[in-house]
Amino acid sequence: MVDIAQFSATATLVHPQKFYEMSDSLVEACCKLPPVVSEYKPTGETIKVGDLSVYITGEKGKPVILNVYDIFGYHRCTSRVCDSIASHGFRVVQPDYFHGNPWPFNEPLDFPKLLSLIAKEANDESIYRDTDAVIAYLKNEEGTTLSGVIGMCWGASIAVKLAIKYPEIKAVASPHPSFLNPAAVADLKVPLYLIVTKDDAPHVDVIEVVKQKGGEAEKHSNVSSYQDIHHGFMGARWEEESEVNNKRTNDGVHEFVGFFKRTLVV
C-alpha cells in the first residue's frame, strides 16, 4: 500500500474533492505499472456530444452501461473491454472525461501531479456536466438512458459517485478499484461488484457497507479476488500476449456481464 501522508498537504491545495482521503485503497502497483501498447482495433465508434468525445459500442436499444476508464484515458485495451461487454447484449458508452488530457502513457506516475490533473480535467463538476450531456444524448438520440456503470482503478470512485447522483443507474462494477473505501460507499444504495487483484486491497469492508443497505444491494454485491494477476489487468495494463491476463480479463468480463444481467432489466 502507498503511504499517502507525505501527499496530504499538497493534495489539500490542488484537489477540493479530497481524493487523498479515499486513497487507502491506492496500491503501489497503480503508481508503478506502465500502460501497454496495444494493436487492438476497437469495433465501436467515437462520436461527439457537444465538445465531449464518447466511445460507443454495442447494439442500440440494449441496456446502457457507462465505462469510466483509468487515468490513461482512451486506450485500446479499455475500448476492447467495452466491446467485449457490449457483445453480450449491452450498449456501452465511454466518455472522455479527461478531454484528451489523461495521464501521459510514457510518464511515471506522480501522485500529487495526478491529483492536480484530476482537479483540472476531471473534477466532480466537470464529470457531472459531461455525464448530463451523455444522458441527454441517449434520451434524445436513442430513446434510452444509463442502467449501469463500470469504473476502472481511479474510475471506481467516480462510478460510485455517479450511481449515488443518478437514480437511473442500478448497478456498479469495478475491476482493480482504487480511491475507494467504506466512507465512499456510505450513500450507495445499489449493488456493487468488485474484482481485486494480488496488488489491491481486499475491499471486503467496502462490500459489507453496501450489503447493509439490504434489498438488491445486499443480494447482489460481491467481491472476487484474482490473486494471479496484476492491478490494471482489465484496463490500460492488459498484457494481451499473456495467457493469464487474457483468461482473467475474459473471466472478469463474464462476471460483470452476469452481474449486470442479474441487476438490470435485460
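Note that this is a predicted model, so its numbers are computed, not measured.

S.K.: Outline the nonpolar core, listing residues and values.
M.R.: Core analysis: the biggest nonpolar cluster contains 52 residues, and Val93, Trp154, Leu162, Val172, Val185, Leu188 and Leu192 have the highest contact counts within it. Counting residues per element, this core draws most heavily on helix H6 (residues 155–165), which supplies 6 residues. The contacts of valine 185, once residues within four sequence positions are left out, are Val160, Leu180, Leu192, Val206, Val209, Val210 and Lys213. Core analysis: the second largest hydrophobic core is formed by 24 residues, Ile65, Val81, Ala171 and Ile229 among them.

S.K.: Talk me through the packing of aromatic side chains; I want residue IDs and the actual numbers.
M.R.: This structure, assessed with the given rule, holds 10 aromatic pairs. Judged by centre distance (5.3 Å) and plane angle (45 degrees), the ring pair of tyrosine 193 and phenylalanine 259 falls under tilted. Residue tyrosine 193 is found in strand S7 (residues 192–197), and its partner phenylalanine 259 is found in helix H9 (residues 243–263); the two are separated by 66 residues along the sequence. By the burial criterion, tyrosine 193 is buried, and phenylalanine 259 matches it. Among the aromatic side chains, those forming a connected cluster through ring pairs are Phe90, Tyr193, Phe256, Phe259 and Phe260. When the ring centre of tyrosine 128 is taken as reference, the NZ or CZ atom of lysine 165 above it lies at 4.8 Å.

S.K.: Please set out the packing of helix H3 (residues 76–86) against H9 residue by residue, giving values where relevant.
M.R.: Closest axis-to-axis distance for the H3/H9 pair is 10 Å, and the angle between their directions is 50 degrees. By the angle class used here, H3 and H9 are oblique. Classified by chirality, the crossing of H9 by H3 is right-handed. On the side of H3, the interface is formed by Val81, Ser84 and Ile85, while H9 contributes Thr249, Val253 and Val257. Grouping the constituent residues of the contact of H3 with H9 by class yields 4 nonpolar, 2 polar and no charged.

S.K.: Describe in detail the environment of alanine 136, supporting the description with residues and values.
M.R.: As for its placement among the helices and strands, alanine 136 is situated in helix H5 (residues 124–142). Look at alanine 136 and you get partly exposed, because its relative accessible area is 33%.

S.K.: Can you tell me about the pairing of strand S1 (residues 45–49), naming the residues and giving the values?
M.R.: The pairing of S1 with strand S2 (residues 52–57) spans 5 bridges and is classified as antiparallel. Of the residues in S2, the one forming a bridge with glutamate 45 is isoleucine 56. Count of turn residues in the S1/S2 antiparallel hairpin: 2 residues, of which glycine 50 carries a positive phi of about 65 degrees.

S.K.: I'd like a description of H9, backed by residues and values.
M.R.: With 21 residues, H9 should cover 30 Å at 1.5 Å per step; its first-to-last C-alpha distance of 30 Å lies within 8% of that length. Of all the positions in H9, only Asn245, Arg248, Thr249, Asp251, Gly252, Val253, Phe256, Val257, Phe259, Phe260 and Thr263 are classed as buried.

S.K.: Please provide a residue-by-residue account of the confidence of the model for the protein chain, values included.
M.R.: Of all residues in the protein chain, 85% attain a pLDDT of 70 or more, and the chain-wide mean is 86. Note on residues 1–25: pLDDT under 50 across the span, and 55 contacts to partners over four residues away in sequence or across chains.

The rules we used
- Residues numbered from 1 in each chain as written.
- Predicted model: local features only at pLDDT ≥ 70, side-chain atom pairs only at ≥ 80, totals over all residues.
- Heavy atoms only, no water.
- Core = buried A, V, L, I, M, F, W, Y, C linked by side-chain atoms within 4.5 Å.
- Buried < 20%, exposed > 50% of the residue type's maximum accessible area, 1.4 Å probe, protein only.
- Helix = DSSP H or I, 4+ residues; strand = E, 2+ residues; numbered from the N terminus.
- Contact = heavy atoms within 4.5 Å.
- Phe/Tyr/Trp six-rings, centres within 6.5 Å; stacked < 30°, edge-to-face > 60°.
- Lys NZ or Arg CZ within 6 Å of the ring centre and 35° of its normal.
- Axes fitted to C-alpha atoms, helices over the stretch in contact; angles between N-to-C directions.
- Parallel < 35°, antiparallel > 145°, perpendicular 65-115°, else oblique.
- Left-handed = near helix turned anticlockwise from the far one by under 90°.
- Nonpolar A, V, L, I, M, F, W, Y, C, P; charged D, E, K, R; others polar.
- Pairing = 2+ DSSP bridges.
- Expected span 1.5 Å × (residues − 1).
- pLDDT = per-residue confidence, 0-100.

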